[in-house]
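Survey of secondary and tertiary structure
Here is how the chains run, residue by residue.
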Amino acid sequence: MKRDDLSLLQRSALVLDAFPGGTALSLAEVTARTGLPRSTTHRVLTALVELGWLTRTGSKFELGLALFELGERVGLKYRLRSAALPFMQDLYAVTGQTVHLAVRDGQDAVYVEKIHGHAALPLPSQIGGRLPLTCTAVGKALLGPAEPEVRAHVLSLPLRSYTGNSITDPARLTRELEAVRRTGVAIEREEASPGGCCLAAPVLLAGRPIAALSVSVPTDSFTPELLAPAVRTAALALGRTLSRTPAERAAAVTTRRNSAAV
């Protein structure tokens, strides 16, 4: 579809999608990223500021609080984040390394939550950001146990390369995904950014991957055999928590409170 044929809603979505998390952009930068006419971009930016979906400081625009609040109303995302945080905190406490929670959206892994310390490993991941399924541990964890047609579709597309270690050979990636299904963990070695490795496990609900948990570690201290049991156990426990009915979840909360009071 040509840019001129887009509806106002589609143009607004295109503009919002141009903003990476935590980064302010100028009118010229948004125009360049969207390919929309400058006058159209300005009108859309102004309307989004009025709605509170964007905020403006001087000549720069950034994502607004109203957009964040709207996103927080998404039921599954909120429930997933809320359920996952205790397990992510446990992983961080045990490893002292960056912990991610991600979900699949098309051919990408979208980062829903991230826990890290002050001296965190520099990583391209950010909450609300996305990276290819094929060069991230969370992506491989989501793709490995996915339906055969999902894997086939992703493998039929050009495999994007972020570093010299990114896998661009479909046959090699197929073998890695088979290993994910066999072992329950996915490994990424400097495929998304230099200097960092990652180990992830899928969070399964009724046998389907709905999310992935991971721990990212500097390459020189990456020990997958030590990380795998903790990450796999956390992902399994999160899947069990999410599979509970509302009544079961309420009973579990009551049990934890009673145990804490003893």
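Attention in this report is confined to the structure presented alongside it. Only a predicted model underlies this, so the values are computations on that prediction, with no experimental measurement involved.

The rules behind the values
- Residues numbered from 1 in each chain as written.
- Predicted model: local features only at pLDDT ≥ 70, side-chain atom pairs only at ≥ 80, totals over all residues.
- Heavy atoms only, no water.
- Axes fitted to C-alpha atoms, helices over the stretch in contact; angles between N-to-C directions.
- Helix = DSSP H or I, 4+ residues; strand = E, 2+ residues; numbered from the N terminus.
- Parallel < 35°, antiparallel > 145°, perpendicular 65-115°, else oblique.
- Left-handed = near helix turned anticlockwise from the far one by under 90°.
- Contact = heavy atoms within 4.5 Å.
- Pairing = 2+ DSSP bridges.
- Buried < 20%, exposed > 50% of the residue type's maximum accessible area, 1.4 Å probe, protein only.
- Disulfide = S-S within 2.5 Å.
- Core = buried A, V, L, I, M, F, W, Y, C linked by side-chain atoms within 4.5 Å.
- Salt bridge = Lys/Arg side-chain N within 4 Å of Asp/Glu carboxyl O.

Glancing now at the packing of helix α2 (residues 27-34) against helix α3 (residues 38-51). The contact between α2 and α3 brings their axes to 9 Å, and the two run at 110 degrees. What the angle tells us is that α2 and α3 run roughly perpendicular. Of the two elements, α2 crosses α3, and the hand of that crossing is right-handed. When α2 is examined against α3, the residues Leu27, Ala28, Val30, Thr31 and Thr34 are found in contact with a partner set consisting of Arg38, Thr41, His42 and Leu45.

It is worth spelling out the sheet that holds strand β9 (residues 208-218) at this point. The strands making up a sheet associate through hydrogen bonds between their backbones, and the pairing can be parallel or antiparallel. Pairing is antiparallel in the open sheet, where six strands are placed in the order β6-β5-β4-β9-β8-β7. Looking along the sheet, the strands with just one partner apiece sit at the ends: β6 (130-132) and β7 (186-189). Strand-to-strand twist of the sheet, defined as the mean angle between neighbouring strand axes without regard to direction, takes the value 30 degrees. As paired strands, strand β4 (residues 98-105) and β9 are joined by five bridges and run antiparallel to one another. Counted as the bridge partner of threonine 98 is serine 216 from β9. With respect to the sheet, helix α9 (residues 224-243) is in contact with β4, β7, β8 (196-205) and β9, its orientation differing from that of β8 by roughly 30 degrees.

Right, let's get into the environment of valine 217. Take valine 217: it is sitting in strand β9. We classify valine 217 as buried; its relative accessible area is 4%. C-alpha of valine 217 to C-alpha of glycine 96: the two residues are 121 residues apart in sequence and 9.2 Å apart in space.

The next thing to look at is the state of the cysteines. Considering all chains together, one arrives at zero disulfides under this definition. Cysteine cysteine 198 shares no disulfide, and the gap to the nearest cysteine sulfur, in cysteine 197, comes to 8.7 Å. In this structure cysteine 198 comes out as buried when scored by relative accessible area, which is 5%.

What follows covers the sheet that holds strand β1 (residues 25-26). Taken together, the three strands give an open sheet; going across it, the order is β1-β3-β2, and neighbouring strands pair in antiparallel fashion. Two strands bound the open sheet, and with one partner strand each, they are β1 and β2 (54-57). Where β1 meets strand β3 (residues 60-63), two bridges bridge the pair, whose relative direction is antiparallel. Along β3, the bridge assignment pairs leucine 25 with phenylalanine 61.

Of all eight residues in strand β5 (residues 108-115), eight are buried, a share of seventy percent or more. Both β4 and β5 contribute to a ladder of seven bridges, which runs antiparallel. Residue pairing in the sheet places histidine 100 in a bridge with lysine 114 of β5. Taken together, β4 and the strand that follows it, β5, pair antiparallel across an intervening segment of two residues, in which glycine 106 is found at a positive phi of about 65 degrees. Bridging between β5 and β6 involves three bridges; their strand directions are antiparallel. Within β6, the position partnered with alanine 109 by the bridge is leucine 131.

This part takes up the nonpolar core. Of all hydrophobic cores here, the largest spans 29 residues; its most connected members are Leu101, Leu213 and Leu238. When contributions to this core are tallied by element, the ones reaching two or more residues are α5 (75-95), β4, β5, β8, β9 and α9. Looking at this core element by element, the count peaks at seven residues for α9. With residues up to four places along the chain from it excluded, the contact list for leucine 238 reads Leu80, Ala83, Ala84, Phe87, Leu101, Val203 and Leu213. If you look at the next biggest cluster of nonpolar residues, it comprises 23 residues, including Ala109, Leu133, Ala137 and Ala141.

Quick look at the pattern of salt bridges now. In this structure the tally under the stated criterion is eight salt bridges. A salt bridge links arginine 130 to aspartate 105; the shortest N-O distance between them is 2.8 Å. Residue arginine 130 is found in strand β6, and its partner aspartate 105 is found in strand β4; the two are separated by 25 residues along the sequence. Residue class for aspartate 105 comes out partly exposed when judged on its relative accessible area of 39%. As a salt-bridge pair, lysine 140 and glutamate 176 come within 2.8 Å of each other at their nearest N and O atoms. Residue lysine 140 is found in helix α6 (residues 137-143), and its partner glutamate 176 is found in helix α8 (residues 170-183); the two are separated by 36 residues along the sequence.

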